Amino acid sequence: MGETVVAFRKPVAGAAGQLQAIRAESSDAAIVTTELNAFFRTKQVLRSVDLEVAKGQITALIGPSGCGKTTFLRTLNKMSHTVPGFRQTGSVRVLGQDIRTVADVETFRRSVGMLFQRPNPFPMSILDNVTLALRLAGVKKVQRREIAEERLTQVGLWQDVKDRLDKSPFQLSGGQQQRLCLARALAVEPSILLLDEPASALDPKSTRLLEDLFVGLSGRMTLVLVTHNLSQAKRIAARTAFMEAGEVVEYAATEALFSDPQDPRTAIYVQEHSN
Amino acid sequence: MTRRRFGSKLFAVTTGIAAGGPLVVMLVLMGVLVRDAWPAWRFQGLSFFSGTVWNMGNMYANTPIVRAGVQGAPGASFGILPLVVGTLYSSLIALAVGVPIALLTAAALVYLAPKRVSMWLSPVIDLLAGIPSVVYGLWGVEVLAPFVQSRLGPWLSHVLRIAPFFHGPVGTGMGLLTSGLVLAVMIIPIVTATTRELLAQVPRLPYEGAQALGLTSYESVRYVAFPWVSSGVIGAVILGWGRALGETMAVLMVSGNAANYLPTNIYSPISTMASTVAALLDSALTDFTGLAVHALALIAVTLLAITMATNLLARSLVALGRRGLEAEGERR
């Protein structure tokens, strides 16, 4: 059953076999970290983090600035590992694979997409932004164009940009740019999407639009959302983890975490930051 | 109160003068050069550019010849086509060899090399840009020319024997290829240093976006970092080209100083405009009609015009390429 689904998707060349193998191995958790510690040189930023992220759900990470939630997120697609002096102990299994055994990090990152704090379109046309990764993966031009239209439609941008696909993305509004970046990430069909405060630079309307898209994507895809905005976590996340000083203090169903926090630190943070 | 007003007025005037300075210098320089070159233009006309014979004439003659109301030494003829060709070809070889190396070096320094390595290497490259050209020239004469003569030339000539311009007698090693290579070595530091500064200014986020999308670091640099600063990089290349076009001493030492000779292959001896002005000024000053010096001034005007034309061409290329892309983004 699961295999048929994979076969009917049109995955990016090369990634298909690996993804299939990964899927067969894993259970209902997309991400499992065990005793994860992370350091930047001598400074410890994550302290024995044990976290299971369920498949097909939105999981939120909240906590004060500098609590390690962004580092945690960036460890999941090995972006942290590109920072000189970064060191990891303990294990991180993403889609069933220990990330330390990932040999081909480029293919791995295609299955774990990411959206950043601010929109970061590439300095090329709107269309090329969506199709670049496909082009580099050897997808044919006609097909690239189809996928681009599909993804831009999916993020609700097609009507706005279909007449200026060859124009600069920097003319678009911030919200439109971020949705373009989402379409760009979706084009390579990731199984997991990492969201690093994706709406922090956007107005409320664009934020809601983006949140609706995330909800629409969950189910087919696993989303991990880092946010400062507690009501955002409340609105869209199934489960929420509260982090402080590199530790996961509490991890529970979102509803429970906000209404009935078990740890006093969670209670204080939630109370101080809800309004 | 009055003192403060006087101070700000003084400031405005001095900064105004300083800011207008380059333009004034440029205009005065061009005015003087053009006035100086004018008699040679009247004497020679358009054949100045198309002629292949440069001959300052019999400077020991007693009676000048007169053409278009300008006196010249008997037999004088000023055609600079070989010089123009030598200048353009050698500078293009320098770009073809030097620019890829410079861009790769800059990318490596910014994106690949560990911080400690690039911290040490970057000042070394800046230092290379400041080495006097005569030093490069000497290296060209003592090391590069013999190498071209005995190794690189024969090898290239054999490997590229189908390509007409690369096949042929290698000669003494002094010539077009050696000039181009010396120029390449000279422009690499300046293009590298400028490009490195530009790449360091590329925002982190788009680059990380590329990485997170599964692009290799080469692809991220090629498709995101370089396009981000494309106009600046083209500016850096023009800077290097300008240096190669105008380089005098080093080329004079390794060019082979061909007189009235159009290069037939990449090993041919050449002369460039700048090195000719330097090499011939001494004897031109003995021309009793003064025309030879005017002709050298006309070479200088031509060189200036070529440099400005390449600049404008590259700039308009950049503008054309950016229309509809980054230009609007920056205007916001």
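Treat the numbers as computed from the prediction; the structure is a model and nothing was measured. (Residues numbered from 1 in each chain as written. Chains lettered and ligands numbered in written order. Predicted model: local features only at pLDDT ≥ 70, side-chain atom pairs only at ≥ 80, totals over all residues. Heavy atoms only, no water.)

## Quick word on the overall build of chain A
Helices and strands together make up the secondary structure of chain A, namely 12 helices and 10 strands. The proportion of buried residues among the 275 residues of chain A is 55%. Carbon and sulfur atoms make up 50% of the accessible area of chain A, which totals about 11,800 Å². (Helix = DSSP H or I, 4+ residues; strand = E, 2+ residues; numbered from the N terminus. Buried < 20%, exposed > 50% of the residue type's maximum accessible area, 1.4 Å probe, protein only. Areas by Shrake-Rupley, 256 points an atom, 1.4 Å probe, with all protein chains shown as cover.)

## Considerations on the layout of surface pockets
One number sums up the size of the largest pocket: a volume of about 810 Å³. As for the largest pocket, its lining consists of 30 residues, of which A:Pro84, B:Val110, B:Tyr111, B:Ala113 and B:Arg204 are closest to the centre. Here the residues of the lining of the largest pocket sort into 16 nonpolar, six polar and eight charged. (1 Å grid on protein atoms, 1.4 Å probe; cavity = no way out; pocket = protein on both sides within 12 Å on 5 of 7 lines; lining within 4 Å. Points joined across faces, edges and corners; volume = space filled by probe spheres on them. Nonpolar A, V, L, I, M, F, W, Y, C, P; charged D, E, K, R; others polar.)

## Details of the interface of chain B and chain A
Contacts between chain B and chain A engage 22 residues on the former and 30 residues on the latter. Overall, the association of chain B and chain A removes approximately 2,200 Å² of surface from exposure, summing both partners, and the carbon and sulfur fraction of that is 68%. For chain B, the biggest contributors to the area lost against chain A are B:Leu205, B:Leu213 and B:Tyr223; these three give 28% of the whole. Applying the counting rule to chain B against chain A returns one salt bridge. In this structure, the salt-bridge partner of B:Glu208 is A:Arg74, at a minimum N-O distance of 2.7 Å. Taken together, the links from chain B to chain A amount to two residue pairs in polar contact (both at pLDDT 80 or more). Put simply, the parts of the chain that give the side of chain B that touches chain A at least two residues each are α7 (204-212), α8 (217-228) and α13 (326-331) of chain B. When the residues that make up the side of chain B that touches chain A are grouped by side-chain class, the tally is 11 nonpolar, six polar and five charged. (Contact = heavy atoms within 4.5 Å. Buried area = accessible area lost by both parts, 1.4 Å probe. Salt bridge = Lys/Arg side-chain N within 4 Å of Asp/Glu carboxyl O. Polar contact = N/O pair within 3.5 Å; in protein donor to acceptor, adjacent residues only side chain to side chain.)

## Quick word on the confidence of the model for chain B
Residue and element names in this part refer to chain B. Overall, the prediction assigns chain B a mean pLDDT of 90, with 95% of residues at 70 or greater. Predicted confidence in chain B is weakest over α13, with a mean pLDDT of 39, and strongest over helix α3 (residues 81-112), with 95. Every residue in residues 324-332 scores below 50 in pLDDT, and together they form 21 contacts with partners more than four places removed in sequence or on other chains. (pLDDT = per-residue confidence, 0-100.)

## Examining the domain arrangement of chain B
All names here are of chain B. Taken as a whole, chain B is organised into domain 1 (33-77 + 278-307) and domain 2 (88-271). Here the C-alpha centre of domain 2 lies 34 Å away from the C-alpha centre of domain 1. Each side of the interface is counted separately: domain 1 has eight residues, and domain 2 has eight residues. Between domain 1 and domain 2, a total of about 570 Å² is buried, with carbon and sulfur atoms accounting for 74% of that surface. Ranking the residues of domain 1 by area buried against domain 2 places Thr52, Leu303 and Ile306 at the top, with a combined share of 50%. Remark: the boundary between domain 1 and domain 2 carries zero salt bridges. Joining domain 1 to domain 2, the criterion identifies one residue pair in polar contact (both at pLDDT 80 or more). Looking at the side of domain 1 that touches domain 2, the elements with two or more residues in it are α11 (273-284) and α12 (291-322). In terms of residue count, the dominant contributor to the side of domain 1 that touches domain 2 is α12 (three residues). (Domains from an automatic or database assignment.)

## Re a positive patch on the surface
On the surface, A:Arg41, B:Lys115, B:Arg116 and B:Arg204 cluster together into a patch of positive charge. With respect to the helices, strands and loops of the structure, B:Arg204 is situated in helix α7. By relative accessible area, which is 53% here, B:Arg204 ends up exposed. (Patch = residues over 30% accessible without salt bridge, like charges linked within 9 Å, V, L, I, M, F, W, Y side chains within 5 Å. Lys, Arg positive; Asp, Glu negative; His and termini not counted. Charge placed at Lys NZ, Arg CZ, Asp CG, Glu CD.)

## Some remarks on the confidence of the model for chain A
Mean pLDDT over chain A stands at 88; residues scoring 70 or higher make up 90%. In this model residues 1-26 of chain A is a low-confidence stretch, pLDDT under 50, and it forms 35 contacts with partners more than four residues away in sequence or in other chains.

## Some remarks on the packing of helix α5 (residues 133-159) of chain B against helix α6 (residues 176-200) of chain B
Residues and elements named next belong to chain B. Taken N-terminus to C-terminus, the directions of α5 and α6 make an angle of 130°; their axes are 8 Å apart at the nearest point. In terms of their interaxial angle, α5 and α6 are classed as oblique. At the point where α5 passes α6, the crossing takes the right-handed sense. Between α5 and α6, the residues in contact are Ser133, Tyr136, Trp139, Gly140, Leu144, Ala145, Val148, Leu152 and Leu156 and Leu177, Thr178, Leu181, Val182, Val185, Met186 and Pro189, respectively. Taken together, the residues that form the contact of α5 with α6 break down as 13 nonpolar, three polar and no charged. (Axes fitted to C-alpha atoms, helices over the stretch in contact; angles between N-to-C directions. Parallel < 35°, antiparallel > 145°, perpendicular 65-115°, else oblique. Left-handed = near helix turned anticlockwise from the far one by under 90°.)

## Thoughts on the sheet that holds strand β3 (residues 58-62) of chain A
All names here are of chain A. Pairing within the open sheet is mixed, and its six strands lie in the order β6-β7-β8-β3-β9-β10. The open sheet has two free edges, formed respectively by β6 (112-115) and β10 (247-253), since each of these has just one partner strand. Between one strand and the next, the sheet's axes are offset by a mean angle of 20°, whatever the strand orientation. Where helix α3 (residues 69-76) meets the sheet, its contacts fall on β3, β6, β7 (192-196), β8 (222-226) and β9 (239-244), and the angle it forms with β7 comes to roughly 150°. (Pairing = 2+ DSSP bridges.)

## Let's talk about empty space enclosed by the protein
Within the structure shown, the criterion is met by four cavities of 30 Å³ or more. There is about 50 Å³ of room inside the largest cavity. What lines the largest cavity is A:Gly113, A:Met114, A:Phe116, A:Cys181, A:Arg184, A:Ala185, B:Gly209, B:Ala212 and B:Leu213. Those elements that place two or more of their residues in the lining of the largest cavity are β6 and α8 (174-187) of chain A together with α7 of chain B. Ranked by residue count, the leading element in the lining of the largest cavity is α8(A), at three residues.

## Brief notes about the environment of A:Leu172
Residue and element names in this part refer to chain A. With respect to the helices, strands and loops of the structure, Leu172 is situated in the loop between α7 (158-161) and α8. Residue Leu172 is classed as buried on the basis of its relative accessible area of 0%. For the pair Leu172 and Val161, spaced 11 residues apart in sequence, the C-alpha separation works out to 8.9 Å.

## Comments concerning a nonpolar patch on the surface
A cluster of nonpolar side chains, B:Val24, B:Val28 and B:Val32, forms an exposed patch at the surface whose accessible area comes to about 250 Å². In this fold, B:Val24 is placed in helix α1 (residues 2-44).

## Considering the packing of α3(B) against α6(B)
Residues and elements named next belong to chain B. Viewed as axis vectors pointing N to C, α3 and α6 meet at an angle of 35°, and their least axial separation amounts to 6 Å. Considering only the axes of α3 and α6, their crossing is right-handed. Counted by class, the contact of α3 with α6 contains 22 nonpolar, nine polar and one charged residues.

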